[in-house]
Amino acid sequence: MSTFFDFGLHHSIVRALSNMGFEEATAIQDQTVPVALQGRDLIGQAQTGTGKTAAFGIPLVERLDEENGNIQGVVLTPTRELAVQVAEEINKIAQFKKITALPIYGGQDITRQIKALKKRPQIIVATPGRFMDHMRRRTIRLDAIEIVVLDEADEMLNMGFIDDIKEILKEVPENRQTLLFSATMPRAIQEIAQQFMTDPTLISVKPKEVTVPNIEQQYMEVAEKQKFDVLCRLLDIHSPELAIIFGRTKRRVDELSEALTKRGYGAEGIHGDLNQAKRDSVLRKFKEGTIEVLVATDVAARGLDISGVTHVFNFDIPQDSESYVHRIGRTGRAGKTGLAITFVSPREIDHLRLIERATNRRMERRSVPSMSEAMEGQQRMAVEKMLEAAGRENLQAYKTLAEQLLEDVDSVTLVSAALKLLTKEPDMTPVRLTEEAPLRVSKKKFPPKGKGTSGGYGAKRPQRPRTGESRPRSGEFRPRSGESRPRTGDSRPRSDRQR
Ligand SMILES: Nc1ncnc2c1ncn2[C@@H]1O[C@H](COP(=O)(O)OP(=O)(O)OP(=O)(O)O)[C@@H](O)[C@H]1O
Ligand SMILES: [Mg+2]
């Protein structure tokens, strides 16, 4: 692997990368940065958490002119949170250069954005809908744009942003450089590539292994009615540092986070119907560790890089293999390990097999843990806490008290009582969860063995469920198949404001 010196980057960027703790380039950076620095168009595919942001961030910061205050670079992302995160990472890379990246997204006051634009950032990181708003208001000038990046390009297509993206790409100067990145590259991407890119270089890191090996992948067959109790047991057994639980619908996310809170877990939900202030505060609390469980729809499946996420639970099996890959990719990032557990109801097994085929990787079947295992897990935690305190805390102020207690009660009884108080015993507080219909795969859509696995990503998608909740009503579950994708201006998704 190259060090960042080998790319011939400006010393201020090498210094910034070293400040960020980046010593060597990751595989995708190693292969794409030199090509992007030459000004060539490229399509970059590499697994989740392998540094695709810097793979386009470094060439952006290197190639753009710091003396020029015009907008020279645009990065489009599918979600608002991702726009903020990507802008932050670019600003870190640019910390010793006079280049700034500004995030622009729906749900944020547009006049504030216009004010921020007056400070002349060279790079805009935006969700497509809000970028279009600014384009129409002429508050963003496009004539000096040299580089356009589509991050999570396939997801933006899934969300129906295709027309917006086409319009944006038509408006920016034709001789720009276009970079397109994602961990998953379904075929529809090729259309964009052909239409809007100039002789793009395709760089794909291990296309057959779309998931990273350091994420342990398990599944459990669980009846819909039992899912919640099983989830609680798993949380008790694993005591994750930070966990993300994905649910299928917004209602599901609301109900789950409420139910978890009722049972004493620090959990909050995030989905597209919450206002931006709420979304921001939930994510902030999760990053700080104020809450340890984030319950989310697929709005949090893409790109988010939160350190400390040790576990991902698919409370509801994802709709398709792309969603699966990105959801579980919120753990096991930057070389760390992670565990992903997917719940599958008995009627959804075919759907799970379809995901396994598309990702070319089997999930390990695990049996549902028992209540006593959950109890043991919590007891283990209590013992750990106690031993840690015994080893580290200054206990002087408690010693006399302890000696007095030991005169009346024997030591085993006393320690047992202390452990009981420290143990979070299984909580069976009743909760209310509306049942979700299982995801079914029609026999026709189930590809014969061996097919659809080439390149890891050819498998056909299962049908979307037909329940009202999971319609693309507000951008959470978008039509992904050719037939149902809106084609006209009228039926286009109502911009990223709804996400
Ligand atoms: N060369 C490097 N050395 C060390 N850490 C790195 C390097 N490049 C990136 N990282 C870190 O790795 C983590 C994952 O990077 P990033 O978010 O860019 O992944 P990604 O490939 O875009 O993933 P996803 O497909 O989920 O969007 C980040 O915390 C980033 O700071
Ligand atoms: Mg990314």
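Residues numbered from 1 in each chain as written. Chains lettered and ligands numbered in written order. Predicted model: local features only at pLDDT ≥ 70, side-chain atom pairs only at ≥ 80, totals over all residues.

*Asks:* Sorry if this is basic, but what is going on with the overall build of the protein chain here?
*Replies:* Summing up its helical and strand segments, the protein chain has 17 helices and 14 strands in all. Across the 499 residues that make up the protein chain, the buried fraction comes to 46%. Sequence separation of 24 or more characterises 77% of the internal contacts of the protein chain that already satisfy a separation of 6 or more. (Helix = DSSP H or I, 4+ residues; strand = E, 2+ residues; numbered from the N terminus. Buried ≥ 20, exposed ≤ 12 C-beta atoms within 10 Å, placed from the backbone. Contact = placed C-beta atoms within 7 Å.)

*Asks:* So what exactly am I meant to see when it comes to the UniProt feature "domain: DEAD-box RNA helicase Q" (unreviewed entry) in the protein chain here?
*Replies:* If you check UniProt for "domain: DEAD-box RNA helicase Q" (unreviewed entry), the listed places come out as residues 2–30 in our numbering. Secondary structure over residues 2–30 splits into 45% helix and 0% strand, and the C-alpha atoms at its two ends are 6 Å apart. (UniProt positions renumbered as here; feature names shortened; annotations may be inferred.)

*Asks:* I would appreciate a short explanation of the nonpolar core in the present structure.
*Replies:* Soluble globular proteins tend to bury their nonpolar side chains together. If you look at the biggest cluster of nonpolar residues, it comprises 117 residues, and the most contacted ones within it are Ile90 and Val125. Inspection of this core shows a minimum of three residues originating in each of domain 1 (4–206 + 450–496) and domain 2 (215–371 + 427–443). If we ignore the near neighbours within four places in the chain, the residues touching isoleucine 90 are Gly57, Leu60, Val61, Ala101, Ile123 and Val125. (Core = buried A, V, L, I, M, F, W, Y, C linked by C-beta atoms within 7 Å. Domains from an automatic or database assignment.)

*Asks:* Which parts of the structure should I look at to understand the site of ligand 1?
*Replies:* Taken together, the neighbourhood of ligand 1 is formed by 19 residues, with Thr48, Gly51, Lys52, Thr53 and Ala334 sitting nearest. Considering each element in turn, the shell around ligand 1 owes the most residues, three residues, to helix 3 (residues 52–63). By residue class, the composition of the shell around ligand 1 is six nonpolar, nine polar and four charged. (Near = placed C-beta within 6 Å. Nonpolar A, V, L, I, M, F, W, Y, C, P; charged D, E, K, R; others polar.)

*Asks:* Can you walk me through the sheet that holds strand 2 (residues 73–76) in this structure?
*Replies:* Whether parallel or antiparallel, the strands of a sheet pair through hydrogen bonds between backbone atoms. Taken together, the seven strands give an open sheet; going across it, the order is 3-4-2-5-6-1-7, and neighbouring strands pair in parallel fashion. Looking at the sheet topology across the chains shown, the edges are occupied by strand 3 (101–104) and strand 7 (201–204). Adjacent strand axes in the sheet meet at a mean angle of 15 degrees, parallel and antiparallel pairs treated alike. Direction of pairing for strand 1 (residues 42–45) relative to strand 7: parallel, over a ladder of four bridges. Residue pairing for strand 7: isoleucine 43 is matched across the bridge by leucine 202. Contacts between helix 6 (residues 128–137) and the sheet are confined to strand 2, strand 3 and strand 4 (123–126), with strand 3 contributing the most and set at about 100 degrees to the helix. (Pairing = 2+ DSSP bridges. Axes fitted to C-alpha atoms, helices over the stretch in contact; angles between N-to-C directions.)

*Asks:* Just checking my understanding: could you explain the pairing of strand 2 for this structure?
*Replies:* Both faces of the sheet carry side chains from a regular strand, because those side chains alternate between them. Going residue by residue along strand 2, you find Gly73 and Val75 tucked away on one face and Val74 and Leu76 tucked away on the opposite face as well. Where strand 2 and strand 4 come together, four bridges link them in parallel fashion. Across the sheet, leucine 76 pairs through a bridge with alanine 126, a residue of strand 4. Where strand 2 meets strand 5 (residues 147–151), four bridges bridge the pair, whose relative direction is parallel. Across the sheet, residue glycine 73 finds its bridge partner in strand 5, namely isoleucine 147.

*Asks:* Explain the environment of glutamate 209 to me, please; I cannot follow it from the model alone.
*Replies:* Mapping glutamate 209 onto the fold places it in the loop between strand 7 and strand 8 (215–221). Overall, glutamate 209 belongs to the partly exposed group, with 13 C-beta atoms counted inside 10 Å. For the pair formed by glutamate 209 and asparagine 360, sequence separation is 151 residues and the distance between their alpha carbons is 6.6 Å.

*Asks:* It is not clear to me how the sheet that holds strand 9 (residues 242–246) should be interpreted in this structure. Could you clarify?
*Replies:* Read across the open sheet, the seven strands follow the order 10-11-9-12-13-8-14; overall the sheet is parallel. Looking at the sheet topology across the chains shown, the edges are occupied by strand 10 (267–270) and strand 14 (364–365). Pairing of strand 9 with strand 11 (residues 293–296), which is carried by four bridges, proceeds in the parallel orientation. Within strand 11, the residue paired with alanine 243 across the bridge is valine 293. Strands strand 8, strand 9, strand 12 (309–314) and strand 13 (338–344) of the sheet are contacted by helix 10 (residues 227–238), whose axis makes an angle of about 165 degrees with strand 12. Against the sheet, helix 13 (residues 321–328) engages strand 8, strand 9, strand 12 and strand 13, with an angle of about 150 degrees to strand 12.

*Asks:* Mind showing me how you'd approach the pairing of strand 5 here?
*Replies:* Burial of strand 5 is extensive: five of the five residues sit out of reach of the surface. Along strand 5, one buried face is formed by Ile147, Val149 and Asp151 and the opposite face, lined by Val148 and Leu150, is buried too. Across five bridges, strand 5 lies against strand 6 (residues 177–182) in parallel orientation. Across the sheet, the residue bridging to valine 148 is threonine 178, located in strand 6.

*Asks:* Is there a simple way to think about helix 6 in this case?
*Replies:* Every α-helix winds through 3.6 residues per turn, so residues three or four apart in the chain are directed the same way. Within the span of helix 6, buried status applies to Pro128, Gly129, Arg130, Phe131 and Met132. Phi turns positive, to about 60 degrees, at arginine 138, one or two residues after helix 6.

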